[in-house]
2 protein chains.
Amino acid sequence: KVSGYLNDLSGRLSVPITIIYNDEWKEKENGVSILKAKKYLNEPFLLLMSDHIFDSNILKELSANELNGDELILAVDENLKNKLIDIDDVTKVKQNSGKIEDIGKEITDYNGYDTGIFYSSPALFTALEKISLNGKTTLSSAVKVLADEGKAKAFNIKNKFWIDVDDPAALKKAEKELINLLKEKPTDGPVSRYLNRPLSIRISKLLSRFNITPNQISSFSFILSIAAAAIFFFGRSYFWLLTGGIIAQLSSVIDGCDGEIARLKFMKSKYGGWFDAVLDRYADAFLLLGLTWNIYSLNNLLSYLLIGFFAIIGSFMLSYTADKYDELMRNKINETGKRLFRLGRDIRLFIIFLGAVTNQVLIALILIALTSNVEVIRRLIVCRDEK
Amino acid sequence: KVSGYLNDLSGRLSVPITIIYNDEWKEKENGVSILKAKKYLNEPFLLLMSDHIFDSNILKELSANELNGDELILAVDENLKNKLIDIDDVTKVKQNSGKIEDIGKEITDYNGYDTGIFYSSPALFTALEKISLNGKTTLSSAVKVLADEGKAKAFNIKNKFWIDVDDPAALKKAEKELINLLKEKPTDGPVSRYLNRPLSIRISKLLSRFNITPNQISSFSFILSIAAAAIFFFGRSYFWLLTGGIIAQLSSVIDGCDGEIARLKFMKSKYGGWFDAVLDRYADAFLLLGLTWNIYSLNNLLSYLLIGFFAIIGSFMLSYTADKYDELMRNKINETGKRLFRLGRDIRLFIIFLGAVTNQVLIALILIALTSNVEVIRRLIVCRDEK
């Protein structure tokens, strides 16, 4: 099952994976598994526990460290009060100004936890061979050997998320923690944060049980939008308007789930984000077209068509200018420390929803047409003075 | 005049500029000017002649070289047949496998020209002080001193453009060469390359005499598009259609001039390119709206409105997906060595022009609606399989 998954992963990521079998896994401890990799590794390498889940920034920062030819660096969690720790099972670490002095499950004098994330030189193999002469086969014993030689360093993960998923209780904790992390998305607009996100997280929690990909969720949200647009386009009563408005808002909620599932299942990809963005642009255009035709067909006023046209191009232009605006304004954003207010998709779809359920489509379209185009012009003006 | 320009430039680029006055410029030669900068520079620096124009890639490549603490590297043009050279005035260089052996205006045994582009350590100041003891004040003499010590290296610019603008004849040559460089824009589509570019270059040549900024040209091209769109929108005869079509194509031609003037006058900026792109998106939308209303108001067919809608979102989505598509497909593009065919703005506006002048607006809109949206879908599909 594991090798099948790894072969599939290797293909998906275009990264070669060499699978090494350890037929002594039952009799001996984890150091033996590592030693099997010796002949494949004569340069610094990362060593990870396959059942640990952690913030990938730990890896980035750890591997940015300078590693001398015979050293090992262990990512250490210095937060002794970390609630995700199973204190009976975790390996403890005693370190002193970045040097590991002691390590083991049973030590009582410690100031950190072993996260199972290592950046090591091949010197680790020599240490493993050394301890095997005394019949020892744990990774910790080998790290202790390096520590005694002054070659084992500790790297502080500074409260970043990590968890060892050893049993069903830990799995539950890990799931809860990952779900909690979804709530903190700094780019969320107000409607996302207070309305859509709480709902979409609940849905994602359910969806995560199934084998559903983020792109499938993006597609489903898109289909909902098209359905809402069609209802706006053809429906001629308040009942249909209300139905369309609710479906549009629902699609906005579901539109949060693709990213959540991607983050939960570590399936984030550049393509996925782009695919979602492209579908969102089409969905926005269809929804606005549906609303425009809804009011135009009732009144036949050219001005209604024009308002719809401006709402459509305004929405497009907001998205089209967003990346470059962020790039040009980055210095300013960093300076003030907060993100500039963004008239995002969450707000746009919420205005559509409100316009539909209150039967005030024209006002919703005028609002979108005005705010979006004014914001684009504002961006053109403020960026002109930025370097 | 020069210091005023530099102060202005310093503000525009947010780069501090220290101006150093050399009151001996008339009596002594150029080495004296350099020596005045000694106390400001105790690290490697670039030394450039203010009247040379050159391809900025020379600077990038030159300064990427490793420079030892007491060395100087001179960018050397090894193309002895370079027609832009004034052979009586140019400083000649004799180099041997990257080491300069001799330099001077009068030497007869040479294999390259001094481009006046230097990357140097402060050792140059010591050499200048040394020659000044013998009453010499030319930069070449100081370089010769370093060359004799084996510390002057030559860097081959490999036929990149550079010219020394010493007199009106050289200025003419430089202008012609810069204009010629405009013709080679690898991102140009077929209509740009064979129709718009030859015309826009002629216009840019004229415009370059005046104090007109690229953004002003972008704005003018935008106004022309809006005029064409208004003519399409309100005009109800072939005469107006023809007029609108010609103005639309003219705006497409002028839309090439902003970039040309920016490159000619070294005024290229991120903001300028973005400003132009944003105006182009609005212009496209207005033109397509004008054409759509033109045929819809005559026939009142909903399908005409929908075709116009799809033409508008298709055009938008082509631009919206372009950057990400290029990024995701970069490997493939580099592999095949050629850029993938791009259904660019030049083609879109040319279809609008042809549709208007042949009185086949509906066909033009169908063509744009179909090709653009099909291309967007194609992009979504092919990128899915790229890593």
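The preceding data block contains the structure.
Computed from a predicted structure; not experimentally measured. (Residues numbered from 1 in each chain as written. Chains lettered and ligands numbered in written order. Predicted model: local features only at pLDDT ≥ 70, side-chain atom pairs only at ≥ 80, totals over all residues. Heavy atoms only, no water.)

Chemist: Teacher, can you tell me more about empty space enclosed by the protein here?
Modeler: Regions of empty space are outlined by a rolling probe, equal in size to a water molecule, passed over the atoms. For the structure shown, the criterion picks out four cavities of 30 Å³ or more. A volume near 260 Å³ is recorded for the largest cavity. L289, L305 and F309 of chain A together with L289 and L305 of chain B are the residues nearest the centre of the largest cavity, which is lined by 21 residues in total. Mapped by element, the contributors of at least two residues to the lining of the largest cavity are α11 (270-299) and α12 (302-336) of chain A together with α11 (270-299) and α12 (302-328) of chain B. If you tally residues by element for the lining of the largest cavity, the top one is α12 of chain B, at seven residues. (1 Å grid on protein atoms, 1.4 Å probe; cavity = no way out; pocket = protein on both sides within 12 Å on 5 of 7 lines; lining within 4 Å. Points joined across faces, edges and corners; volume = space filled by probe spheres on them. Helix = DSSP H or I, 4+ residues; strand = E, 2+ residues; numbered from the N terminus.)

Chemist: Looking at this structure, I do not really get unusual backbone geometry. What am I missing?
Modeler: Where the residue is not glycine, phi is negative for most of them; where a peptide bond is considered, it is trans in most cases. A positive phi is found at S14 of chain A, a non-glycine position, where the angle reads about 55 degrees. For S14 of chain A, the location among the structural elements is in the loop between α1 (2-13) and α2 (30-35). One non-glycine residue, N359 of chain B, adopts positive backbone phi at about 60 degrees. For N359 of chain B, the position within the fold is in the loop between α14 (345-357) and α15 (361-384). The partly exposed category is assigned to N359 of chain B, whose relative accessible area is 44%. (Buried < 20%, exposed > 50% of the residue type's maximum accessible area, 1.4 Å probe, protein only.)

Chemist: For this particular structure, what's the right way to read the relation of the copies chain B and chain A?
Modeler: Here chain B sits on chain A after a turn of 179 degrees about the axis and a move of 0.1 Å along it, with an RMSD of 0.2 Å. Within this description, the copies of the chain are treated as partners about a two-fold rotation axis. Within chain B, the C-alpha atom positioned nearest to the axis of rotation is that of Y320 of chain B, 2.9 Å from it. Looking at chain B, 100% of its interface residues are interface residues in chain A too, so the copies touch through the same face. (Least-squares fit on C-alpha atoms with pLDDT ≥ 70 in both. Contact = heavy atoms within 4.5 Å.)

Chemist: Can you help me understand the interface of chain B and chain A in this one?
Modeler: A common way to report how large an interface is uses the accessible area buried once the components associate. Taken residue by residue, the interface counts 40 residues in chain B and 40 residues in chain A. Here chain B is connected to chain A by zero salt bridges. The interface formed by chain B and chain A includes six residue pairs in polar contact (both at pLDDT 80 or more). Those elements that provide at least two residues to the side of chain B that touches chain A are α1 (2-13), α11, α12 and α15 of chain B. No other element matches the 16 residues that α12 of chain B contributes to the side of chain B that touches chain A. A per-class count over the side of chain B that touches chain A returns 27 nonpolar, five polar and eight charged. (Salt bridge = Lys/Arg side-chain N within 4 Å of Asp/Glu carboxyl O. Polar contact = N/O pair within 3.5 Å; in protein donor to acceptor, adjacent residues only side chain to side chain. Nonpolar A, V, L, I, M, F, W, Y, C, P; charged D, E, K, R; others polar.)

Chemist: For this particular structure, what's the right way to read the pattern of salt bridges?
Modeler: Once their charged atoms are close, side chains differing in charge can pair, the charge on each being opposite to the other. All names here are of chain A. What the rule picks out here adds up to 44 salt bridges over all chains. In this structure, the salt-bridge partner of E129 is K38, at a minimum N-O distance of 2.8 Å. Here E129 is found in helix α4 (residues 123-132), whereas its partner K38 is found in the loop between α2 and β1 (45-48), with 91 residues between them in sequence. Judged by its relative accessible area of 30%, E129 falls in the partly exposed class. You can call K38 partly exposed: its relative accessible area is 37%. K151 is the salt-bridge partner of D70, the closest N and O atoms lying 3.7 Å from each other. With D70 in the loop between α3 (56-63) and β3 (72-77) and K151 in the loop between α5 (139-148) and β7 (152-156), this residue pair connects regions lying 81 residues apart in the sequence. The class of K151 is partly exposed, set by a relative accessible area of 23%.

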